[in-house]
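# Topology and contacts: notes
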Amino acid sequence: RLLLAGAYRDVEMSRGHPLSQTLGALVREQLFHRVQLDGLTQQEVGELVQGGTGVNLTLEVAEVIHRRTDGNPFFVSEVTRHVTLENITEDPGWVSVIPEGVRDAIGRRLNRLSEQCNQMLTTASVVGRDFEFRLLISLMGDITEDQVLAAMDEAVEVQLIEELPNSVGLYQFTHALIQETLFEELSTTRRVRLHARIAEGLETLYGNDADAHATELAHHFAEAQTLTGPERMVRYSLMAGQQALASYAYEDALTYFEKGLAARDIALSGTEMAPDEDAAAMLFGLAQAQSATVVGHQLVEAFANLSRAFDYYVETGNVAQAVAAAVFPIVTPSYRIPGVTGLLARALTLVPADSHEAGRILSIYGGFLWIDEGDYEAAQQAFGRAISIARREGDVPLEVQVLANLTVLSGQHFQLQECVDNGLRAIELATDEENPMRTSRWWTAMSLLNMGELDAARPHALFLRDLTEKRNTPRLFASNAFTPITSLSCLEGDWNPGREYSDRGLELSPLSPMLLLPRILLNHETGESAHGEVYLERLLEAMSGGGPYKMIASTRVPVAIATIARITGNPDRLEIAESAAETVLSVGSVLPNGARQARSALAMVAVERGDRVAAEEHYADLIGLRGTMIYTASSIDRLLGRLSQTMDNLDQAVAHFEEALTFCRKAGYRPELAWTCCDYADTLSLRDGSGDRAKSIALLEESLAISTELGMRP
């Protein structure tokens, strides 16, 4: 392929006549037969670049180069002639630059074409890579249809453009670089004028069907805005954004709504910007796109746009859309964003108290009442009213929404069985995989893992993992969806999948505390403490930041540090763990689940310090949580055993360690079982009663066998 590519360049561009004529002459001599070669595959593009430059391309960069060059070896070689590892990582814009060699080669081919052919190709380059014959006729001025067709035949002959298969009158440039080279040779003024003619030509061409082509029209009217004005650009941007949302193309939707709003702002600059339906719709669409593409603290901006849309709808009297904006699941009670409760309360004043719309608002309002105001009874009442309305109206999706939020409420209150019951009921009723079902699956899986029901949790964890591959899964939820399967893998001691799943989730949300905690412990368990420290620094960053992750990270940091101290024997940062845990408990609105983690961390700190008085206090706090896990860090039963040993109550410690052994064996939590055996053996050695030494040795042998098999280096 490379040899023939070189021959193509030499014959086609140096000798001054088309390669097709040369090959035709050879074939007539019956010495050769012609073989059509396709471009290189994406993998072959990567191999070609690696062979020529020594740079190993990532799959993403190889895909971009393949798309820009269609695998043409000459174009690939020219585009990557000066590529280095440094400009791939530091200046990714190099991929978009057209190399001089490519520009010159294309220019020599264009110079041999007629003036009309060059004019046609230049106009087509502004339309895009694909273009339509009947549109070009309307754009070519006084040139007749036959002349345009002749020009196109001329371009097809030299393989600059080609007819699209299974179509009539539809063409495309054979290579994106040809279209880009032609386009870049135009002055800005001429580009704008051509975009204006194309936009208005397409609008006429499509007629009543123009709305279906909003994406194309929005692009050209945006480029021609200085000539055509902002009105049509705003209109088509709104439609294009809504179509992109419907097809889950969230990044594209984000671009259309942002451009549409910017154009509206420019059009109304210097005047009082009265709210209108289009502006509200664009703000609502922008908030929806942002909620699907951003993570963590960036949700604050998405909610701000949602609030503006809500205000606009209220001012224009569109109550139905105001309610739709208020109940859109842009945030959940797990992420604290100021203003959510107030917006929902305002929405309730817009509708009758017992109406279907009120039920939709109440289904969300209850969760925020509890989160923001700590009013558990009011939250339960709101959810109860919402379920009554849902059942009266026969609205199953609304009932699923309420059950999902009840799942969150009971999960955050650490009512694990109630959480699972609500979650399973929501999953049973759900007919799709929209947000309520995702939330129910997440809390059901995590509650089951905390209860030691690994096999019951597995199908929900796998379902959520697979959900991340679907286009309609928002970015924030996609990152969280890896938490159950990551935690499950770590609890089993299946470290490699644990690494893979946490990597995939952290790529989407690098500061996710739910993923950082198991990854930190995984690295320390396997002797990769340096890597574990990197992730701990991220968790500390999330705790010190001001985003929605702050409180969640604040509950994970003390657990992480205290567990690391047990694994490594290094107590240096216990003060940080203690301070973080006490800060969590001092916050009046701390959730019961967060308080449980903070108290568990303080109990671990007390054990590491040998603080008997503190151990007695924390033992009393945790005794009611027997038979549960502190995520992937420790079973409560093992912690109670360690606290009892610190209190010098060795018989009590033995009883708790026996419960921990039973819990771990039943659950299949092998790393936790190894640590339980080790800690239990310590207690038996201290007690030194009849049979304690033999049992201690047996426990240590079991612990050593498990830790050796799983690679638990510490």
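Just so you know, these numbers come straight off a predicted model, no measurement behind them.

### Quick word on the packing of aromatic side chains
All chains considered together, the criterion is met by nine aromatic pairs. Look at Phe284 and Tyr313: their rings are 6.4 Å apart centre to centre, the planes differ by 85°, and that puts the pair in the edge-to-face class. With Phe284 in helix α17 (residues 277-293) and Tyr313 in helix α18 (residues 299-316), this pair connects stretches of sequence that are 29 residues apart. Given the relative accessible area of 2%, Tyr313 is considered buried. Ring pairing ties together the aromatic residues Phe131, Tyr171 and Phe173, which thus form one cluster. Positioned above the aromatic ring of Phe463 is the side chain of Arg441, whose terminal nitrogen or guanidinium carbon lies 4.0 Å from the ring centre. The ring of Tyr631 has Arg596 lying over it, and the distance from NZ or CZ to the ring centre is 5.9 Å.

### Considerations on the pattern of salt bridges
Using the criterion set out here, one finds 34 salt bridges in the structure. Between Arg235 and Asp211 there is a salt bridge, and its shortest N-O distance comes to 3.0 Å. Here the residue Arg235 occupies a position in helix α15 (residues 231-246), and Asp211 occupies one in the loop between α12 (188-206) and α13 (214-223), the gap between them amounting to 24 residues. Looking at Asp211, the relative accessible area reads 35%, which means it is partly exposed. For Glu575, the salt bridge is made with Arg609, and the minimal N-O distance between the two is 3.9 Å. Of this pair, Glu575 sits in helix α33 (residues 574-586) while Arg609 is found in helix α34 (residues 592-609), placing the two residues 34 residues apart along the sequence.

### With respect to the environment of Val402
Mapped onto the secondary structure, Val402 falls in helix α23 (residues 396-412). For Val402, a relative accessible area of 0% gives the class buried. When the C-alpha positions of Val402 and Ile387 are compared, they lie 6.5 Å apart, and in sequence the two are 15 residues distant. For Val402, the residues in contact, after removing those within four places along its chain, are Ser363, Phe383, Ala386 and Ile387.

### Digging into the confidence of the model for the protein chain
In the predicted model, the protein chain carries a mean pLDDT of 85, and 86% of its residues have values of at least 70. Within the protein chain, no element has a lower average pLDDT than helix α1 (residues 2-14), which sits at 45, and none a higher one than helix α39 (residues 692-710), at 97. The low-confidence segment residues 1-20, where pLDDT is below 50, has 36 contacts with residues more than four positions distant or belonging to other chains.

### Concerning the pairing of strand β3 (residues 170-173)
As paired strands, strand β1 (residues 130-132) and β3 are joined by three bridges and run antiparallel to one another. Note that in β3 the partner of Asp130 across the bridge is Gln172. For strand β2 (residues 161-163) and β3, the ladder comprises three bridges, and the chain directions are antiparallel. From the neighbouring strand, Glu162 faces β3, where its bridge partner is Gln172. Taking the residues that link successive antiparallel strands as the turn, the β2-β3 hairpin has six residues, and the phi of Asn166 there is positive, at about 60°.

### Remarks on the nonpolar core
Among soluble globular proteins, nonpolar side chains are generally buried collectively. The biggest cluster of nonpolar side chains holds 120 residues, and the ones touching the most others in it are Met120, Leu121, Phe131, Met152 and Ile161. Looking at which element gives the most residues to this core, the answer is α17, with ten residues. For Met120, the residues in contact, after removing those within four places along its chain, are Leu136, Met140, Ala151, Met152, Ala155 and Ile161. Formed by 86 residues, the second largest nonpolar core is a distinct cluster that contains Ala580, Leu639, Leu640 and Leu643.

### What about the packing of helix α28 (residues 482-492) against helix α29 (residues 495-508)?
Relative to each other, α28 and α29 sit at 155°, their axes nearing to 8 Å. The orientation of α28 relative to α29 falls into the category roughly antiparallel. α28 and α29 meet at a crossing whose hand is left-handed. Taking contact as the criterion, the partners of Phe482, Ile485, Thr486, Ser489 and Cys490 in α28 are, on α29, Trp495, Pro497, Gly498, Tyr501, Ser502, Arg504, Gly505 and Leu508. The class makeup of the residues in the contact of α28 with α29 is seven nonpolar, five polar and one charged.

### What to know about the sheet that holds β3
The strand order across the open sheet built from three strands is β1-β3-β2, with neighbouring strands paired in antiparallel fashion. Each of the sheet's edge strands pairs with one partner strand only, and the pair in question is β1 and β2. Direction aside, the axes of adjacent strands within the sheet are offset by 30° on average.

### As for the side chain of Gln597
Examined against the element boundaries, Gln597 turns out to sit in helix α34. Accessibility expressed as a relative area gives 2% for Gln597, which makes it buried. Among residues more than four places away in sequence, those in contact with Gln597 are Thr555, Arg556, Val559 and Tyr631.

### Some remarks on a nonpolar patch on the surface
A contiguous nonpolar patch, built from Val314, Val319 and Leu350 and spanning about 180 Å² of accessible area, is present on the exposed surface. Along the polypeptide, Val319 turns up in helix α19 (residues 319-327).

### Observations regarding the environment of Ala199
Summarising the element assignment, Ala199 is placed in helix α12. Here Ala199 falls in the buried class, since its relative accessible area comes to 0%. Along the sequence, Ala199 and Glu223 sit 24 residues apart, while their C-alpha atoms lie 9.3 Å from each other.

### Quick notes on α17
A turn of α-helix holds 3.6 residues, and therefore any two residues three or four places apart point the same way. The end-to-end C-alpha distance of α17 is 24 Å, a good match for the 24 Å that 17 residues give at a rise of 1.5 Å each. The N-terminus of α17 is capped by Asp276, whose side-chain oxygen sits 3.1 Å from the backbone nitrogen of Asp278.

### Here's the deal with empty space enclosed by the protein
Per the counting criterion, the structure on display carries four cavities of 30 Å³ or more. One number sums up the size of the largest cavity: a volume of about 240 Å³. Of all the elements in the fold, those that place two or more residues in the lining of the largest cavity are α28, α30 (513-525), α32 (550-568), α36 (636-646) and α38 (670-687). In the lining of the largest cavity, the residues fall into 14 nonpolar, three polar and five charged.

The rules behind these values
Residues numbered from 1 in each chain as written. Predicted model: local features only at pLDDT ≥ 70, side-chain atom pairs only at ≥ 80, totals over all residues. Heavy atoms only, no water. Phe/Tyr/Trp six-rings, centres within 6.5 Å; stacked < 30°, edge-to-face > 60°. Helix = DSSP H or I, 4+ residues; strand = E, 2+ residues; numbered from the N terminus. Buried < 20%, exposed > 50% of the residue type's maximum accessible area, 1.4 Å probe, protein only. Lys NZ or Arg CZ within 6 Å of the ring centre and 35° of its normal. Salt bridge = Lys/Arg side-chain N within 4 Å of Asp/Glu carboxyl O. Contact = heavy atoms within 4.5 Å. pLDDT = per-residue confidence, 0-100. Pairing = 2+ DSSP bridges. Core = buried A, V, L, I, M, F, W, Y, C linked by side-chain atoms within 4.5 Å. Axes fitted to C-alpha atoms, helices over the stretch in contact; angles between N-to-C directions. Parallel < 35°, antiparallel > 145°, perpendicular 65-115°, else oblique. Left-handed = near helix turned anticlockwise from the far one by under 90°. Nonpolar A, V, L, I, M, F, W, Y, C, P; charged D, E, K, R; others polar. Patch = residues over 30% accessible without salt bridge, like charges linked within 9 Å, V, L, I, M, F, W, Y side chains within 5 Å. Areas by Shrake-Rupley, 256 points an atom, 1.4 Å probe, with all protein chains shown as cover. Expected span 1.5 Å × (residues − 1). Polar contact = N/O pair within 3.5 Å; in protein donor to acceptor, adjacent residues only side chain to side chain. 1 Å grid on protein atoms, 1.4 Å probe; cavity = no way out; pocket = protein on both sides within 12 Å on 5 of 7 lines; lining within 4 Å. Points joined across faces, edges and corners; volume = space filled by probe spheres on them.

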